Amino acid sequence: MTAYLIRGASILGEGVADVLVQDGRVAAIGATASDDTSAVVVPGEGLVLLPGLVDLHTHLREPGREDAETIWSGTRAAALGGFTCVHAMANTNPVQDTAGVVEQVWRLGRDAGWADVRPVGAVTVGLAGTQLAELGTMAASAAAVRVFSDDGRCVHDPVVMRRALEYAKAFDGVIAQHAQEPALTATAQMHEGLVSAELGLAGWPAVAEEAIIARDVLLAEHVGSRLHVLHLSTAGSVEIVRWAKGRGIDVTAEATPHHLYLTDELVRGYDPVFKVNPPLRTAADVEAVRAGLADGTIDVVGTDHAPHPREDKDCEWAAAAFGMTGLETALSVVQAAMVETGRMTWADVARVMSFTPAVIGRVADQGRPVQVGEPANLTLVDPAVRRVVRPQDQATASLNTPFAGMELPGRVVATFLHGRPTVLDGALVERAGASS
Amino acid sequence: MKHLLSAGDLDRAQAVTILDTAAAMAATQERQIKKLPTLRGRTVVNLFFEDSTRTRISFETAAKRLSADVINFSAKGSSVSKGESLKDTAQTLQAMGADAVVIRHHASGAPHRLAHAGWTAGAVVNAGDGTHQHPTQALLDAYTLRRHLVGLRGGTDPVGHDLAGLHVAIVGDVLHSRVARSNVQLLHTLGARVTLVAPPTLVPVGVESWTADVSYHLDDVLDQGPDAVMMLRVQRERMGGGGFFPSPWEYTRGYGLDARRLARLPEHAIVMHPGPMNRGLEISADAADADRSVVVEQVANGVAVRMAVLYLVLAGQEQPTVDGQIGASA
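Residues numbered from 1 in each chain as written. Chains lettered and ligands numbered in written order. Predicted model: local features only at pLDDT ≥ 70, side-chain atom pairs only at ≥ 80, totals over all residues. Heavy atoms only, no water.

As a further point, take the overall build of chain B. Helix and strand counts for chain B come out as 11 helices and 9 strands. The proportion of buried residues among the 330 residues of chain B is 56%. The contacts of chain B with a sequence gap of at least 6 include a subset with a gap of at least 24, amounting to 74%. Accessible surface, chain B: about 13100 Å² in total, of which carbon and sulfur atoms supply 50%. (Helix = DSSP H or I, 4+ residues; strand = E, 2+ residues; numbered from the N terminus. Buried < 20%, exposed > 50% of the residue type's maximum accessible area, 1.4 Å probe, protein only. Contact = heavy atoms within 4.5 Å. Areas by Shrake-Rupley, 256 points an atom, 1.4 Å probe, with all protein chains shown as cover.)

This next bit is on the packing of helix H1 (residues 71–80) of chain A against helix H2 (residues 99–112) of chain A. Residues and elements named next belong to chain A. Two numbers describe how H1 lies on H2: the axes approach to 9 Å, and their chain directions differ by 60°. Classified by the angle their axes make, H1 and H2 are oblique. When you trace H1 past H2, the crossing you get is right-handed. Listed contacts from H2 to Ile71, Trp72 and Thr75 of H1 are Val105, Leu108, Gly109 and Ala112. Here the contact of H1 with H2 is built from residues that sort into 5 nonpolar, 2 polar and no charged. (Axes fitted to C-alpha atoms, helices over the stretch in contact; angles between N-to-C directions. Parallel < 35°, antiparallel > 145°, perpendicular 65-115°, else oblique. Left-handed = near helix turned anticlockwise from the far one by under 90°. Nonpolar A, V, L, I, M, F, W, Y, C, P; charged D, E, K, R; others polar.)

Ring pairs (aromatic) are described by centroid distance and by the angle formed between their planes. One pass over the full model with this rule turns up 6 aromatic pairs over all chains. Ring centres of Tyr251 of chain B and Tyr255 of chain B lie 5.5 Å apart, and the angle between their planes is 35°; this geometry places the pair in the tilted category. In this pair, Tyr251 of chain B and Tyr255 of chain B are both assigned in helix H8 (residues 248–255), 4 residues apart and thus about one turn of the helix distant. In this structure Tyr255 of chain B comes out as buried when scored by relative accessible area, which is 11%. Members of the aromatic cluster, joined through ring pairs, are Phe148, Tyr167 and Phe171 of chain A. (Phe/Tyr/Trp six-rings, centres within 6.5 Å; stacked < 30°, edge-to-face > 60°.)

Residue and element names in this part refer to chain B. Reading across the sheet, the 4 strands line up as E2-E1-E3-E4 and stay open at both edges, with parallel pairing between neighbours. The outermost strands of the open sheet, each flanked by one partner alone, are strand E2 (69–74) and strand E4 (123–129). Averaged over all adjacent pairs, the angle separating strand axes in this sheet is 15°, with direction ignored. By the bridge criterion, 5 bridges tie strand E1 (residues 43–48) to strand E3 (residues 100–105) in an arrangement that is parallel. If you follow Leu47 over to E3, its bridge partner there is Ile103. Of the strands in this sheet, E1, E3 and E4 are in contact with helix H11 (residues 295–315), which crosses E4 at around 150°. (Pairing = 2+ DSSP bridges.)

The next point concerns the domain arrangement of chain B. All names here are of chain B. What the domain assignment lists for chain B is domain 1 (7–133 + 301–315) and domain 2 (135–297). On a C-alpha basis, the centroid separation for the pair domain 1 and domain 2 is 25 Å. Listed per partner, the contact involves 31 residues of domain 1 and 29 residues of domain 2. Here domain 1 and domain 2 share an interface that buries about 2500 Å² over both sides, 59% of which is from carbon and sulfur atoms. (Domains from an automatic or database assignment. Buried area = accessible area lost by both parts, 1.4 Å probe.)

Now for unusual backbone geometry. A cis amide bond links Asn277 of chain A to the next residue, Pro278 of chain A, at an omega of -5°. Mapped onto the elements of the fold, Pro278 of chain A is located in the loop between strand E14 (251–255) and helix H8 (283–294). Going from Gly275 of chain B to Pro276 of chain B, the amide bond is cis rather than trans, its omega being -10°. On the secondary structure map, Pro276 of chain B appears in the loop between strand E9 (270–272) and helix H10 (285–288). The backbone phi angle of Asp23 of chain A is positive, close to 55°, even though this residue is not glycine. For Asp425 of chain A, which is not glycine, the phi dihedral falls at a positive 50°. Accessibility expressed as a relative area gives 66% for Asp425 of chain A, which makes it exposed.

The structure is reproduced here in structure tokens:
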């Protein structure tokens with residue numbers, strides 16, 4: 001296996017040192033790294049070296065919606081975004097609610113070879129919210145599922161949610177909740193507030209998210225289980241999670257890049273590229289989510305990468321699908337929202353986009369420190385570059401990025417997956433014999 | 001004016017121009033031969049994704065009185081359920097050479113998409129979209145208000161005037177009403193004061209940024225002596241499922257306009273309704289048929305206002321030389 005010498009990068013934005021990648025591991029750091037003169041040099045001067053990013057929230061759409069994304073195209077997008085591990089959400093068709101389907105997704109990910117794919121198992125059969133899926137069998141399968149979610153739908157029945165939280169303890173699983181009270185959001189199109197009142201779009205009130213989070217943290221406390229809150233989007237949700245953590249409840253929370261950066265004001269043009277669930281909220285909510293991420297109330301950034309075919313966005317607002325892509329912009333958005341605002345360091349970015357997601361997902365060989373002997377899952381970032389997002393230039397098979405035309409900071413220069421570069425010089429490293 | 005999508009897009013001068021043009025159009029409609037050659041050779045498509053015979057006929061009449069070719073395209077159902085998408089429909093109409101598309105759609109923002117997504121080059125006139133806007137309704141309401149309550153009053157057109165100083169109460173299902181949204185914006189632009197009256201469940205969250213007062217008590221507002229009371233249609237379905245109010249009876253008791261409430265209005269005040277009316281629910285027969293009710297006149301004014309809008313979006317800045325004769329200030 002070719003060795004690589006990453007020369008002169010700043011590790012986690014702190015000390016500058018050479019890093020030798022060999023046989024899938026970090027073989028040496030510092031002066032001894034350049035002893036291997038056969039290594040391919042990757043210039044890292046002025047760049048930041050991070051652990052490979054880990055996404056707990058990716059929709060790869062395969063099986064079922066290969067017109068939107070495949071595991072191959074989605075993991076190529078992941079690699080370009082600096083990710084070495086993605087958790088593939090369960091709302092595929094067929095749903096990832098059996099060992100057979102999660103193993104299929106896991107194998108397709110392994111065969112594609114662009115990032116480690118960890119399938120998320122459905123909490124309930126068919127995401128229907130009534131009968132527990134075979135969580136234990138999925139956990140014991142080759143896919144070794146540890147994260148379970150009906151994402152896209154809320155496990156709204158409190159008894160089903162309680163049972164799932166309890167049951168997952170047997171195999172150290174976590175229930176990742178899409179917090180959305182369904183009756184309060186039956187016809188919802190966007191955040192309920194000043195803008196929805198004017199636009200005449202049915203509102204998605206903040207309370208519909210907050211009420212479920214409040215219930216779930218209390219359930220988690222009652223049964224002593226761990227709970228993960230997906231795509232937290234409101235100021236009230238931040239407060240509830242902060243309160244729950246203060247009580248010692250085992251809850252973790254996620255924010256998406258778009259909820260850190262975009263507001264409901266963007267809906268005014270009725271362009272469905274801004275239609276997402278939970279919806280874009282107010283500037284005050286964005287500020288609260290940023291503060292929550294900075295102070296540790298929110299543990300991770302998850303992309304909620306949700307590709308959709310063109311026809312599902314090239315239409316009137318009410319007819320459009322919810323969701324936006326995010327793998328190839330996530331790190332840039334976090335840099336813009338958190339690093340350039342002085343609220344987080346690159347070490348903090350490593351924490352919320354790599355270390356902690358891997359811990360929550362129980363991924364042993366991802367999200368590891370950049371140290372000798374650790375798996376060489378690494379991302380090299382140039383924070384000085386500014387780029388305009390062009391949907392057509394992305395590797396994802398879909399065009400629905402809300403950041404199209406916006407200038408964002410930072411670019412992933414290289415990504416290493418278990419010692420092998422998936423991205424070099426900002427471009428995918430194609431492999432002989434690999435196919436889509 | 002390239003499109004008419006929202007009453008909020010109009011400034012005072014534009015709104016007054018439309019009302020003045022409507023007055024000129026209305027004057028021609030008193031002649032024996034009502035048809036004007038103004039838009040001869042132009043094609044207007046009425047693209048209706050929602051049933052609305054009244055509004056469609058009004059636009060159709062307006063376009064035909066201006067000698068435009070009119071195509072009625074009834075596309076009930078939508079891309080949500082099945083069939084052709086809005087984009088394909090728009091591109092089809094574009095290929096057929098539509099100069100203006102009058103669109104009624106159940107989805108809020110559909111006219112905005114039609115105008116700005118690059119699907120069609122024609123002018124877009126919003127004939128009602130979801131719970132968002134119905135700008136020609138607001139314009140015809142403003143036109144009716146001006147005729148009755150400004151200047152000499154009693155059916156003459158005070159050309160050049162706005163609605164400064166008037167107080168209009170809009171009563172009913174504000175939450176789901178595109179008529180209310182358009183009127184709040186336009187009447188404010190024209191200088192009137194608006195009070196919205198509804199049970200709290202039928203007022204949208206976020207209403208605080210609107211240029212209107214909100215009251216939950218119709219009788220209190222009537223005691224303020226409004227110059228006009230505009231009753232909104234309340235759909236009986238709203239009490240099922242959504243449970244916005246407990247019963248039709250309780251709604252009528254709190255918010256219905258009946259003979260008793262009619263008697264509390266100032267002598268000059270008028271009663272309006274965009275139609276179709278639910279007699280016995282939001283308005284009693286006494287109120288609907290009262291002398292001060294201008295509901296039927298609103299319908300007639302709708303044709304003149306829509307003639308004005310079609311004329312202004314299609315003929316642009318040209319002076320009206322209709323019939324060789326009608327000037328803008330006729």
